[in-house]
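Survey of secondary and tertiary structure
Listed below, chain by chain, are the residues.
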Amino acid sequence: MKVLACIKRVPNTGAKIVLTEDEQRIDTSGLGFTMSPHEECAIEEAVAQVETHGGSAHVLTLGPSEADEQLRTGLAMQADEATLLETDGEEWSPRATADAIADGIGRLGDDEGFDLLLFGNESADAANYQVGVRVANELGYPCVTGIKDLEIEDGTAIAKREVSGGEEVYELDLPAVVTVKEGLNEPRYASMRAKMQARRQEIESVEPRTESGSDGLEKVRLEAPETDDSPAEILGEGPEAVPRIVEILAEEVEVV
Amino acid sequence: MILALVEHDGGTPEELSLEGLAMARKLSTAEGQPLEAVAFGDEADALGDELGEYGVETVHCVAHDRLERYAPDAWAESVVQLASRREAETITAPGTDRSREVLARVGASLDAPLATNCLAVDVADDGAYELRRNRWGGSLIEHARLTGEHKLLTAAEHEFPIEPAASPTEPSVSTVEPDLEDDLFTVQVDRVESGDEEGIPLGEARVVVGGGRGVGSAEDYDQLEELAELLGGTVGASRAAVNEGWRPHDDQVGQTGAKISPDVYIACGISGAVQHMVGCKGADTLLAINTDSEAAIVQKADWAVIGDLHEVVPELNETLRDAT
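Residues numbered from 1 in each chain as written. Chains lettered and ligands numbered in written order. Predicted model: local features only at pLDDT ≥ 70, side-chain atom pairs only at ≥ 80, totals over all residues. Heavy atoms only, no water.

**Topic: the overall build of chain B**
Across its full length, chain B carries 9 helices and 17 strands. Overall size of chain B, expressed as C-alpha extent along the three principal axes, is 65 × 45 × 35 Å. Out of the 324 residues belonging to chain B, those deemed buried represent 58%. The long-range share in chain B, meaning contacts at least 24 apart out of those at least 6 apart in sequence, stands at 64%. In the structure as shown, chain B presents an accessible area of about 12,900 Å², 40% of it carried by carbon and sulfur atoms. The averaged location of the 63 negative side-chain charges in chain B is 6 Å from the averaged location of its 23 positive side-chain charges. (Helix = DSSP H or I, 4+ residues; strand = E, 2+ residues; numbered from the N terminus. Buried < 20%, exposed > 50% of the residue type's maximum accessible area, 1.4 Å probe, protein only. Contact = heavy atoms within 4.5 Å. Areas by Shrake-Rupley, 256 points an atom, 1.4 Å probe, with all protein chains shown as cover. Lys, Arg positive; Asp, Glu negative; His and termini not counted. Charge placed at Lys NZ, Arg CZ, Asp CG, Glu CD.)

Below, the structure is given as structure tokens:
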């Protein structure tokens, strides 16, 4: 079985997000980079499914050359191969991203294609909730989203999604696209040895053949919203504050 | 025409769907276009009365003998067919898992742009939509323009206030029978397994007692459980606590967990990282219990108690127990 996990490099933001002067992006000076927890789970799932069923696990991203850092995280988590759809670092719209991925994976390695394509349910930064769905549409594969439990049996994916009061269960034949949420599994910690090995592994760089275009949804600028910085009313220190807590809960919030 | 997807429970619209309708009505008013709703499932025809209060002129109820169980591609195709027949250029939906994935499929099918997580919308002179949408779970806002033959939008959770229309309507209710091919049912809910969890779901709780790294162990959540029970609420956790294995992921509040909107969120031993705060910003009020008066959560709280939760919470529980 060939499994692909698609990820996205994003800044590891601290307690306060600072924008560049032109308000087009986050000022990343001094910031590290990471990926969404959803996507760490996608990589873990790809590797774990291949450990169970055999085959190979691939990790792919569309991003600047620096995104090889996140691909190497995937390799250190025991993915077999990594592919970078290299851009100049500009932000691609969800439609353009899906076009590039659908086109790009058709050009990878052999002609067999992937049996299972995993995406995060939504990216950490843009949260468009649609790249996986659009890739599935372009490839003509079935797609389920927001999955927190996945089993593969005899070429069928059994996927579960949380709903109020329980879980919806889907069964779909592979090949399929599955977008996943944190909680699906516990991503492994890569050992130092695995990280060192990943550093030496080759990353295939593929130039996207499609355009970045804004496609109807065009970012004008970013804004760091005003936060309410009015200081909290300190009710007291330690257990002596309890009578005031009860008063607040009874009179202000009315839950007692 | 503006077409709004509405989710409902036996003919009663869901709260998030009313928020989505509030966004749709804003566009309908700005463009002078009628607002129509589309709904699936049993008793959708009962939506008419209530949706009239929100300015909906027509409720389209989708009926198909294979749509007994949810099938996202079939829902999307039904919406596409209806939008085509009614010449809807704008399609809106609430900020739910289901609606977002249906609209993503509509967008893929129509090759149209979809703006998710919208928190404000307006119409520019050139007809483009000028919108603001949440990024980073809401710690950043993107100002964007949405253009094209079809414009698709989903509302962010708990951003659009639910207010009745100035002039209520008496919607006509019509049944739509889409033409749906077999392959649209490749993805369909096979069955629903009921959860074994007891208590109130996080997203619906009026009181949430959250515990973070400061709780210190899985056992120490017992006191938070007791507090939640005394207040008729439920327990949540920070990502740090979930990563420690103290709580299941289902309890996680934050960007990659549950988004809560209780009357009060009592955050115990939680530092208040951005990724956590975006999960609880829907809370009406925030009470922090923390040993560190400089913690981010204390800055963001309405009320704070500086102290060890292991001392404060048991005392609070005892007082509440005595009071009842």
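Text resumes after the structure shown.
**So, the nonpolar core**
Judged by nonpolar contacts, the single largest core of 92 residues is most densely connected at Ile-101, Leu-118 and Leu-150 of chain A together with Leu-67 and Val-106 of chain B. The element contributing the most residues to this core is helix H3 (residues 72-86) of chain B, with 7 residues. Those residues in contact with Leu-150 of chain A, other than ones at most four positions away along the chain, are Glu-45, Gln-49, Leu-116, Leu-118, Ala-157, Ile-158, Ala-159, Val-178 and Leu-184 of chain A. One finds Val-242 of chain A together with Val-209, Val-235 and Ala-241 of chain B within the second-largest nonpolar core, a separate group that totals 34 residues. (Core = buried A, V, L, I, M, F, W, Y, C linked by side-chain atoms within 4.5 Å.)

**Structural notes on the sheet that holds strand S10 (residues 166-173) of chain A**
Taken in spatial order, the 4 strands of this open sheet run S8(A)-S9(A)-S10(A)-S12(B), and their pairing is antiparallel. One side of each edge strand has no neighbouring strand; the edge strands of this open sheet are strand S8 (149-153) of chain A together with strand S12 (189-194) of chain B. For this sheet, the mean angle separating the axes of adjacent strands, direction not counted, is 20 degrees. (Pairing = 2+ DSSP bridges. Axes fitted to C-alpha atoms, helices over the stretch in contact; angles between N-to-C directions.)

**Focus on the packing of H3 of chain B against helix H4 (residues 97-110) of chain B**
All names here are of chain B. At their nearest, the axes of H3 and H4 sit 8 Å apart, and the two run at 60 degrees to each other. Regarding the angle of H3 to H4, the classification is oblique. H4 is crossed by H3, and the crossing has right-handed handedness. Across from Pro-72, Asp-73, Trp-75, Ala-76, Glu-77, Val-79 and Val-80 in H3, the residues of H4 making contact are Arg-98, Glu-101, Val-102, Arg-105, Val-106, Ser-109 and Leu-110. (Parallel < 35°, antiparallel > 145°, perpendicular 65-115°, else oblique. Left-handed = near helix turned anticlockwise from the far one by under 90°.)

**Description of the domain arrangement of chain B**
Residue and element names in this part refer to chain B. Once the domains are mapped, chain B shows domain 1 (2-185) and domain 2 (202-323). Both sides of the domain 1 and domain 2 interface together cover about 540 Å² of buried area, and 52% of this is carbon and sulfur. When the buried area of domain 1 at its contact with domain 2 is split by residue, Trp-136, Gly-137 and His-158 rank highest and sum to 58% of it. Our count for the domain 1 to domain 2 interface comes out at 1 salt bridge. In this structure, Glu-159 and Lys-281 form a salt bridge, with 3.1 Å as the shortest nitrogen-oxygen distance. Grouping the constituent residues of the side of domain 1 that touches domain 2 by class yields 1 nonpolar, 5 polar and 2 charged. (Domains from an automatic or database assignment. Buried area = accessible area lost by both parts, 1.4 Å probe. Salt bridge = Lys/Arg side-chain N within 4 Å of Asp/Glu carboxyl O. Nonpolar A, V, L, I, M, F, W, Y, C, P; charged D, E, K, R; others polar.)

**Quick notes on the pattern of salt bridges**
Residue and element names in this part refer to chain A. Scanning all chains against the criterion turns up 39 salt bridges over all chains. Note that Asp-103 is salt-bridged to Arg-209, the shortest N-O span being 2.7 Å. Pair noted here: Asp-103 is in helix H3 (residues 94-105) and Arg-209 is in the loop between strand S12 (204-206) and strand S13 (217-223), with a separation of 106 residues, a long-range link. Among the residues examined, Arg-209 registers a relative accessible area of 54% and is labelled exposed.

**Some details on the interface of chain A and chain B**
The figure often quoted for interface size is the accessible area lost as the parts come together. Between chain A and chain B, the contact holds 79 residues from the first and 75 residues from the second. Together chain A and chain B conceal approximately 6,400 Å² of surface at their shared face, both sides included; 56% is due to carbon and sulfur atoms. The largest share of the area that chain A buries against chain B comes from Tyr-129, Glu-182 and Leu-217 of chain A, three residues that together contribute 9% of it. Inspection of the chain A/chain B interface yields 9 salt bridges. The residue Asp-97 of chain B makes a salt bridge to Lys-181 of chain A at a minimum N-O spacing of 3.1 Å. Connecting chain A to chain B are 41 residue pairs in polar contact (both at pLDDT 80 or more). Of the residues in the side of chain A that touches chain B, the class split is 37 nonpolar, 16 polar and 26 charged. (Polar contact = N/O pair within 3.5 Å; in protein donor to acceptor, adjacent residues only side chain to side chain.)

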